[in-house]
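Below, each chain spelled out in residue letters.
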Amino acid sequence: MTTTATDHRVELEIGGMTCASCAARIEKKLNRMDGVTATVNYASEKAQVAVAEGSGVATADLIATVERTGYTAAVPEPPAAAPSPDEDSAARPADEDALAPLRRRLLVSLALSVPVVLMAMVPPLQFTNWQWLSLTLAAPVVAYGAWPFHRAAWTNLRHGAATMDTLISMGTLAAFGWSLWALFFGTAGMPGMTHPFELTIARTDGSGSIYLEAAAGVTTFILAGRYFEARSKRRAGAALRALLELGAKDVALLRDGREVRIPTSELRVGDRFVVRPGEKIATDGKVVEGASAVDASMLTGESVPVEVAPGDGVTGATVNAGGRLVVEATRIGADTQLARMARLVEDAQNGKAAAQRLADRISAVFVPIVIALALGTLGYWLATGAGAVTAFTAAVAVLIIACPCALGLATPTALMVGTGRGAQLGIVLKGPEVLESTRKVDTIVLDKTGTVTTGVMTLTGVHLAEGVSRDEALRLAGALEHSSEHPIARAIATAAEDATGALPAPEDFANVPGLGVQGIVEGHSVLVGRERLLTDWSLELPPVLAAAKAEAEAAGRTAVAVGWDGAARAVLVVSDAIKPTSAEAVRRLRALGLTPVLLTGDNRAVAASVAEEVGIDEVIAEVLPEDKVAVIARLQDEGRSVAMVGDGVNDAAALARADLGLAMGTGTDAAIEAGDLTLVRGDLRAAADAIRLARATLGTIRTNLFWAFGYNVAALPLAAAGLLNPMIAGAAMAFSSVFVVGNSLRLRRFTALTGEPARD
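Each residue is numbered by its place in its chain's sequence as written, counting from 1. A pLDDT threshold of at least 70 governs which residues receive local features in this predicted model, and a stricter bar of 80 or more applies before side-chain atom pairs are shown or counted, although totals over entire chains, interfaces and linings include all residues. Only hydrogens and water are removed before side-chain values are computed, so all heavy atoms of the structure are retained for them.

Short version of the rule: UniProt positions are given in the numbering used here, feature names are shortened, and annotations may be inferred rather than shown by experiment.
As recorded by an unreviewed UniProt entry, the chain carries the name Cation-transporting P-type ATPase B and is attributed to Streptomyces gilvosporeus. As stated in UniProt under Subcellular location (unreviewed entry), the record for the chain gives "Cell membrane". Listed under Catalytic activity (unreviewed entry) in UniProt, the entry text for the chain is "ATP + H2O = ADP + phosphate + H(+)".

## Examining the overall build of the chain
Put simply, the rule reads: In DSSP terms, a helix is any run of H or I states spanning at least four residues, a strand is any run of E spanning at least two, and both are numbered starting from the N terminus. The buried label goes to any residue with under 20% of its type's maximum accessible area, the exposed label to any with over 50%, and the partly exposed label to all in between, with areas taken from a 1.4 Å probe on protein chains only. Note on contacts: a residue pair qualifies if any of its non-hydrogen atoms lie within 4.5 Å across the two residues.
The number of helices and strands found in the chain is 27 helices and 26 strands. Sorting the 760 residues of the chain into buried and exposed places 52% on the buried side. The long-range fraction of contacts in the chain, counting pairs at least 24 apart against all pairs at least 6 apart in sequence, stands at 70%.

## Topic: the confidence of the model for the chain
This is how the line gets drawn: The predictor's confidence in any single residue is recorded as pLDDT, a number from 0 to 100.
Averaged over every residue, the pLDDT of the chain is 80; residues scoring 70 or more account for 81%. Looking at the elements of the chain, mean pLDDT is at its lowest for helix H3 (residues 85-96), recorded as 43, and at its highest for helix H5 (residues 130-145), recorded as 95. A low-confidence stretch, residues 351-357 stays under pLDDT 50, and its non-local contacts, those more than four residues away or across chains, total 16 contacts.

## Describing the packing of aromatic side chains
Our working rule: Only rings of Phe, Tyr and Trp enter the pairing, Trp through its six-membered ring, and a pair is recorded when the two centres are within 6.5 Å. The plane angle decides the type: under 30 degrees is stacked, over 60 is edge-to-face, the rest tilted. Each ring is checked for a lysine NZ or an arginine CZ that lies within 6 Å of its centre and within 35 degrees of its normal; such an atom marks a charge sitting over the ring.
Evaluation of the coordinates by the stated rule reveals three aromatic pairs. Residues tryptophan 178 and tryptophan 181 carry aromatic rings whose centres are separated by 4.9 Å and whose planes lie at 15° to one another, so their mutual orientation is stacked. Separated by three residues within a single helix, tryptophan 178 and tryptophan 181 lie in helix H7 (residues 164-184), roughly one turn from each other. Assessed through its relative accessible area of 29%, tryptophan 181 is described here as partly exposed. Centroid distance tyrosine 380 to tryptophan 381: 5.2 Å. Interplanar angle 75°. Geometry classified as edge-to-face. By relative accessible area, which is 8% here, tryptophan 381 ends up buried. The ring of tyrosine 144 has arginine 105 lying over it, and the distance from NZ or CZ to the ring centre is 4.6 Å.

## Points about helix H23 (residues 625-637)
Test applied: Every helix has an expected span of 1.5 Å times one less than the residues it contains.
Helix length check: H23, at 13 residues, gives a terminal C-alpha distance of 19 Å against a target of 18 Å (1.5 Å per residue), a fit within 8%. When we look at burial in H23, the residues that qualify are Pro625, Lys628, Val629, Val631, Ile632, Ala633, Leu635 and Gln636. Of the residues trailing H23, glycine 639 is marked for its positive phi of about 95°.

## As for the sheet that holds strand E26 (residues 677-679)
Note the threshold: Strands pair, by our definition, only if DSSP identifies at least two bridges between them. Only the stretch in contact is used when fitting a helix axis, every axis being a line fitted to C-alpha atoms; angles between N-to-C directions are given from 0 to 180 degrees.
Taken in spatial order, the seven strands line up as E14-E26-E25-E24-E15-E22-E23 in an open sheet, and their pairing is mixed. Only two strands of the sheet have a single neighbouring strand rather than two, namely strand E14 (427-429) and strand E23 (618-620). Ignoring strand direction, the axes of neighbouring strands in this sheet form an average angle of 20°. Across four bridges, the pairing between strand E24 (residues 642-646) and strand E25 (residues 660-664) is parallel. Of the residues in E25, the one forming a bridge with valine 645 is leucine 662. Here H23 sits on the sheet and contacts strand E15 (443-447), strand E22 (595-599), E23 and E24; the angle it forms with E24, its principal contact strand, is near 155°.

## Focus on the sheet that holds strand E5 (residues 250-255)
Spatial ordering of the open sheet is given by E6-E5-E7-E13-E8-E11, a layout of six strands whose pairing is antiparallel. Each edge of the sheet is formed by a strand with only one pairing partner; in this case those strands are strand E6 (258-263) and strand E11 (313-314). As judged from the six bridges shared by E5 and E6, these two strands associate in the antiparallel manner. The partner of leucine 254 across the bridge, within E6, is glutamate 259.

The following block contains the structure:
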């Protein structure tokens, strides 16, 4: 949807849509209004509308147009602040219960339909008067279970439209209505009536046959498909909730020199608040007292914590990793970077075109043709004098054989088997809308921190002056760093403990803000930190250590100088370590025909070093969170179909904007909810397996849909000619369903290539 600077944007929440063709109808009606450009997203159930300035179209006019089309529309409520833990726990049950009516309708229909289908298809179960028990069980399914389809069909009829709901409603009502006629006015109600399996083609008046299993079975199958679709759609807003819940819930406000805990929502611009080590910063602000390291990786993707001092800006939801800070709030509520990122995610989700389900696309042509064929069949046989019973039998047979029994299984069964197999392999697919994207993607954008790399600072190198042992340098440096909360200090302390065991306790420990730490360890006066800390004590790095430090920094790594007893004696190199499987994962992605691109907020030196090590040629570095979405959009504008793999909050909007979003399950909730696929393991090789599985599932769904329609279309001429024996119709419908289920179950044999050599 293209807009101009003078356009007024309106967002509407749309209710009552049951398939993608509903969204298309609403979009068509809105776009017919003067000065209106609209995009309706079936997945998110929202309409994005641009109204030209001076057109005279008000929001109320837009809502009225949607309602005249047969649906509901409303302006969404403004987003609330992050809920408190109590509010959150109270709200979740209502959210979970949103699917309860549909789930209850499905379970009731399933319990009643199974015996109906079994009695109709298994002759030994057809006891005397079994048909009347079948009627008793099927009636609630057709009336209660299929009510949403009847209601939607009536709404469509009032507005001169036909969708798959129309065909489902007409087919089930025709099957049930004809069964009632056969039971009460034909011979089907006689004691001892059975359904023999006669696979012969012969003209019949249908008065001795019932179709209750078709009416009940179709209803249950289609309800199952709608339930699983609704369950995946319900998660569309979860990314926004995860972003909003990321922020701090309360804050220590400074008031008259005292600290007062208040909810974050009560903060005002200009308020000063305290942030202790390990706490989240409540909102965007400026440091007025204290110095510390702030871990902003969740928002910026920068793996190394940022040193802040008075005058520096800080971002809400980032974590204070070091000393005590006093921060003055500069932006609150909807103006914060976190809130802006939430809007980016929402815009990206709403801007992503709804995947038009293949069944809905075909039904746009299939449904009117079937209805016209049924009416034509009725008129033809009446005109030839064959009699009302024969004519109506043939017309009803057309509707019954066209009723999409296997079609109701085509997507849900493949999706259930595919997602179940994916769950066993640590891959979570969100729904059928995801799958079509996997077939088209040709470029895969990889976030660096936490995706290609571990996301945790690790000691990767130890350089020593002549005569100094590695264990001694690690032991002395680690003993001091063990007393610091800084992530780089923790990396050194952890490596020292692993190499030398328990570390001694330092004496006279002191943190030098922005430079490092100093103290006495086992009688040695030790300095650990920036080179400037050592030069302040007149300790110069010898040439070998200076060269090692320069080489490390040129590669984008962090070099920590260590000196004791009046001399600089070691340089420790700390970096975000590359995962051991990342290079193999990149080879696998290339084997699938994808071009890898490294995208990161880190500096260019770090990005280039990582890309070279794992085999990526294209690197985009020093990218701000909001710019990641623009990068994805630019690649799409170049004609590429883009997949994105990420794990941080800074990746959430880009994951939603990409044609296919793959979220690392070891990352943040916001990224996981914004992605289309979730990789439960932190192994990037799972991305290749996920794309393979999604493509296999999509191929299975397409095959299922082809055969589901194929059986119906092949039998329609027989039905129209009045030659369709009811048992052939039942057998064809049952066989098509068995074929669809069997084809879907083949996905259980899908195997991951993780741990095996990449294959071309």
